[in-house]
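Breakdown of the fold
Residues per chain, in single letters:
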Amino acid sequence: MKTTRLILIGGFLGAGKTTLLWEAAQILMKKGQRVGLITNDQASELVDTAILLRDEVKVAEVNGSCFCCNFPSLIDATKKLKKEAEADVIIAEPVGSCTDLSATILQPLKQNLKGELLVSPLTVLADPVRLADILNGGHAGLHPSAAYIFKKQLEESDIILISKTDLLSADELTLLTEKTKISYPGAEVKTIGVVTGDGIESWLNEVLSRSDAGKRLIEVDYNVYAEGEAVLGWLNSTIELSGKSIDWDIFARNLLCGLSKKFDNLDTSVGHVKLILESGNRFVTGNLTGKEETLSFKGSAGESEQARLTLNARVEMSPETLERIVRDTLSFHTNDNLKSRIIVMKSFSPGRPNPTYRFDYVVASGGNF
Ligand SMILES: Nc1nc2c(ncn2[C@@H]2O[C@H](COP(=O)(O)OP(=O)(O)OP(=O)(O)O)[C@@H](O)[C@H]2O)c(=O)[nH]1
Ligand SMILES: [Mg+2]
């Protein structure tokens, strides 16, 4: 059986992981490589999967639990992609609030799938605005225990990839890179901008040529880790929409903007709220990764009678409050001319992480690819 390259891209909620998965898949496919992608979440109805499936790439979804707490399902997903997509490269995105991946995913993968998978260095994406605040001793607008997760993700990484380079000036980026190197001397620090295209090829060449994955294990206080996840309300939903000649882009904007204003009024911390609204072969995506100024939209679903909305929200509040806010905002933006039907709406707080494996030693890497 051929050896498949596995690249794991971690990093906090909203850091830009799915965007990079999509972009990296495009580049690799253009070079004739067969690519498989793996998404991951605590529940089904994933915006990430819906976005990635809009392209001709094979996507396997691990839902119901994070990779570390359901390691066998990650193995199944890689086997499925190896078989069905004959993947040369698999890129996997763990849940953004997960850490301790070196001990719970990378070491078990290296041990159990030697010869089948060659694991790349653990890449952790970091939003530059959040990272700058964390390095200045702040909490990046997050609960202290969620900020702890952010820091642990960086500490265990093999490569820290500062994302969204277009948000900083060249001088700010150089300063942030230097500060990150000093704070996390064990990691290589690189920058990447999917909007500008900067750094993507350089990062890809590096992860495809190296196999020193999970070079170190870190101490993680699972009580703080669990609290950092539990303070977040989590909501995944799929909603059918119908009406007469509805401009779906305006609807998507109004809905996400309405949610954003409510979260800002409550002065609560937004991990990531994202949506994809699909109408036939057209779609619009929307993202909120903090206060209202972080709102962004891409694409267009045009004007039509029917659409399907997938909405995922990770916000610091109880799941009940989050669900009430989402239901109220949805009601406010629908009426006799624009009706909504909730197909699935799940709201919850992630349970305590309980990994399938937790290695206390570093497994030797698989050699050169
Ligand atoms: N300005 C800018 N925004 C970016 C860039 N890359 C990604 N983003 C935006 O960052 C937001 C979050 O991107 P995602 O790729 O969904 O982030 P993620 O890490 O997968 O988020 P979760 O799956 O929720 O953890 C989106 O609005 C993206 O468009 C970039 O290079 N520049
Ligand atoms: Mg994602």
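Since we're looking at a predicted model, the values are computed, not measured. Here the residue numbers are simple positions, counted from 1 along each chain's written sequence. Chains and ligands are labelled sequentially in the order written, the chains with letters from A and the ligands with numbers from 1. It should be noted that, the model being predicted, local features are given only for residues of pLDDT at least 70 and side-chain atom pairs only at 80 or more, the latter also being counted only at that level, while totals for whole chains, interfaces and linings use all residues.

Let us now look at the overall build of the chain. Strands here are runs of E lasting at least two residues and helices are runs of H or I lasting at least four, both read from the DSSP assignment and numbered beginning at the N terminus. When helices and strands are tallied, the chain shows eleven helices and 14 strands. Against the compact-globule benchmark of 21 Å for 369 residues, the chain has a radius of gyration of 20 Å, which places it among compact chains. Along the first, second and third principal axes, the C-alpha atoms of the chain reach 60 × 45 × 40 Å. Burial statistics for the chain: of 369 residues in total, 49% are counted as buried. Our radius of gyration looks at C-alpha atoms and nothing else; its globule reference is 2.2 Å times the residue count to the power 0.38. Exposure criterion: with C-beta atoms placed from backbone coordinates, a residue whose C-beta has 20 or more other C-beta atoms within 10 Å is buried, one with 12 or fewer is exposed, and one in between is partly exposed.

Let us look at the domain arrangement of the chain. These domain boundaries are the output of an automatic or database domain assignment. Here the chain is partitioned into domain 1 (4–228) and domain 2 (232–348). Distance from the C-alpha centre of domain 1 to the C-alpha centre of domain 2: 25 Å. By the convention adopted here, residues make contact when the C-beta atoms placed from their backbones lie within 7 Å. Counting residues at the interface gives 17 residues for domain 1, matched by 21 residues for domain 2. Here the residues of the side of domain 1 that touches domain 2 sort into seven nonpolar, seven polar and three charged. Gly is put with the polar residues, along with every residue not named as nonpolar or charged; the nonpolar set is Ala, Val, Leu, Ile, Met, Phe, Trp, Tyr, Cys and Pro, and the charged set is Asp, Glu, Lys and Arg.

With that settled, the discussion passes to the sheet that holds strand β12 (residues 296–300). Only when DSSP finds a minimum of two bridges between them are two strands counted as paired. Taken in spatial order, the six strands make up an open sheet running β12-β11-β10-β13-β9-β14, and their pairing is antiparallel. With one partner strand each, in any of the chains shown, β12 and β14 (338–348) form the two edges of the open sheet. Each strand of the sheet is rotated relative to its neighbour by a mean of 10°, with strand direction disregarded. Relative to β12, strand β11 (residues 282–288) is paired through five bridges, and the arrangement is antiparallel. The residue of β12 that forms the bridge with Val284 is Gly299. To get an axis, a line is fitted to the C-alpha atoms, and for a helix only the part in contact is used. The angle between two axes follows their N-to-C directions and goes from 0 to 180 degrees. Packed onto the sheet, helix α11 (residues 319–332) meets β9 (233–247), β13 (303–315) and β14 and runs at close to 5° relative to β9.

Not every one of the 22 residues close to ligand 1 is listed here, only the nearest: Gly16, Lys17, Thr19, Gly96 and Asn287. When contributions to the shell around ligand 1 are tallied by element, the ones reaching two or more residues are α1 (17–30) and β10 (270–279). The element that contributes the greatest number of residues to the shell around ligand 1 is α1, accounting for three residues. Here the shell around ligand 1 is composed, by residue class, of five nonpolar, twelve polar and five charged. Two domains each put at least three residues into the shell around ligand 1: domain 1 (4–228) and domain 2 (232–348). We call a residue near a molecule or strand if the C-beta atom, set from the backbone, is within 6 Å of it.

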